[in-house]
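Examination of the molecular architecture
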Amino acid sequence: MRRKLVAGNWKMNGSIAANALLLTQINAGFGNAGCDAAVCVPAPYLSQCQALLADSAIALGAQDVSSHDAGAYTGEVSAAMLLEFACRYVIVGHSERRGYFGETDELVAQKALRALHAGLVPIVCVGETLAQREAGQTDAIVSRQIDAVLSLIAENELTKIVVAYEPVWAIGTGKTATPEMAQQVHAVLRQRLHARSATAAQEVRILYGGSMKPENARELLAMPDIDGGLIGGAALKAADFLAIIHAA
Ligand code: 13P
């Protein structure tokens, strides 16, 4: 049985004051939730959030990581740096990084590998655009995206990753994939994992992301291959994020 994971992706939101309020409220409401939870915060706030989560069951994560170890890469943040702030997770290949910053499947795979080798858990994001869905390419696109990552990772390390299916057309739009639509793609992703390792297919958590909110979380999380959520907008409101955590 895979333990569910609910991770918040704050994207480029927050402030010192807002983060303190949000994490204090989330910590207070977490109680004895039966799932894993994490918040992936902007890099400048890692130190602040590390302190706010010091006695918390909620893990810390980052939103991106360099594909390089160290050196002359202005603006980049390395996996080793993230570890120094007690990060457990790092998102790689979010559609906003692929779309706005030109990240390729190959770069995303390198980032995932770098994170893994440093001891971080990469949350590898995949997902199709509306045009790709309407052209019937969803399965091919997400398979290509996940295979690029899986092919670089040694079989005995495959169980250490998390996958997130985020249909691009559902992100920040209020449009959610129906539980059945999401489940169908999660099953494709599970098959891709299985093609590499039966153990990984059994153990790797596949999160759904894209307008997940308290009103639709329970139904989505009830699907057999949906093992949690990657939450954008609703992760910025303590009550909404906690409601999703308690639905998981
Ligand atoms: P929303 O929940 O705001 O649609 O964002 C989803 C997302 O991109 C999480 O990574």
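Residues numbered from 1 in each chain as written. Predicted model: local features only at pLDDT ≥ 70, side-chain atom pairs only at ≥ 80, totals over all residues. Heavy atoms only, no water.

Near the ligand you find Asn9, Lys11, His94, Glu166, Ala170, Ile171, Gly172, Gly210, Ser211, Leu230, Gly232 and Gly233, and these make up its full shell. Measuring from an oxygen atom of the ligand, one finds a backbone N or O atom of Gly233 at 2.8 Å. Burial of the ligand by the protein chains amounts to 95% of its free accessible area of 310 Å². The residue inventory of the shell around the ligand, partitioned by class, reads 3 nonpolar, 7 polar and 2 charged. (Near = heavy atom within 4 Å. Polar contact = N/O pair within 3.5 Å; in protein donor to acceptor, adjacent residues only side chain to side chain. Areas by Shrake-Rupley, 256 points an atom, 1.4 Å probe, with all protein chains shown as cover. Nonpolar A, V, L, I, M, F, W, Y, C, P; charged D, E, K, R; others polar.)

In total, this model carries 2 aromatic pairs according to the counting rule given. For the ring pair Tyr100 and Phe101, a centre distance of 6.4 Å and an interplane angle of 85° mean the geometry is edge-to-face. When sorted by exposure, Tyr100 lands in the same class as Phe101, which is exposed. The lysine or arginine in question, Arg88, covers the ring of Tyr89, its NZ or CZ lying 5.4 Å from the ring centre. Positioned above the aromatic ring of Phe101, the side-chain terminus of Arg97 is 4.1 Å from the ring centre. (Phe/Tyr/Trp six-rings, centres within 6.5 Å; stacked < 30°, edge-to-face > 60°. Buried < 20%, exposed > 50% of the residue type's maximum accessible area, 1.4 Å probe, protein only. Lys NZ or Arg CZ within 6 Å of the ring centre and 35° of its normal.)

This brings us to the pattern of salt bridges. One pass over the full model with this rule turns up 18 salt bridges. Taking the shortest distance from any N to any O, the salt bridge between Arg2 and Asp225 comes out at 4.0 Å. Of this pair, Arg2 sits in the segment before strand 1 (5-9) while Asp225 sits in the loop between helix 10 (214-221) and strand 8 (228-231), placing them 223 residues apart in sequence. For Asp225, a relative accessible area of 13% translates into the label buried. If you follow the salt bridges from partner to partner, you end up with Arg2, Arg190, Asp225 and Asp227 in one network. (Salt bridge = Lys/Arg side-chain N within 4 Å of Asp/Glu carboxyl O. Helix = DSSP H or I, 4+ residues; strand = E, 2+ residues; numbered from the N terminus.)

Honestly, that's just the spatial picture; any functional story needs more than this.
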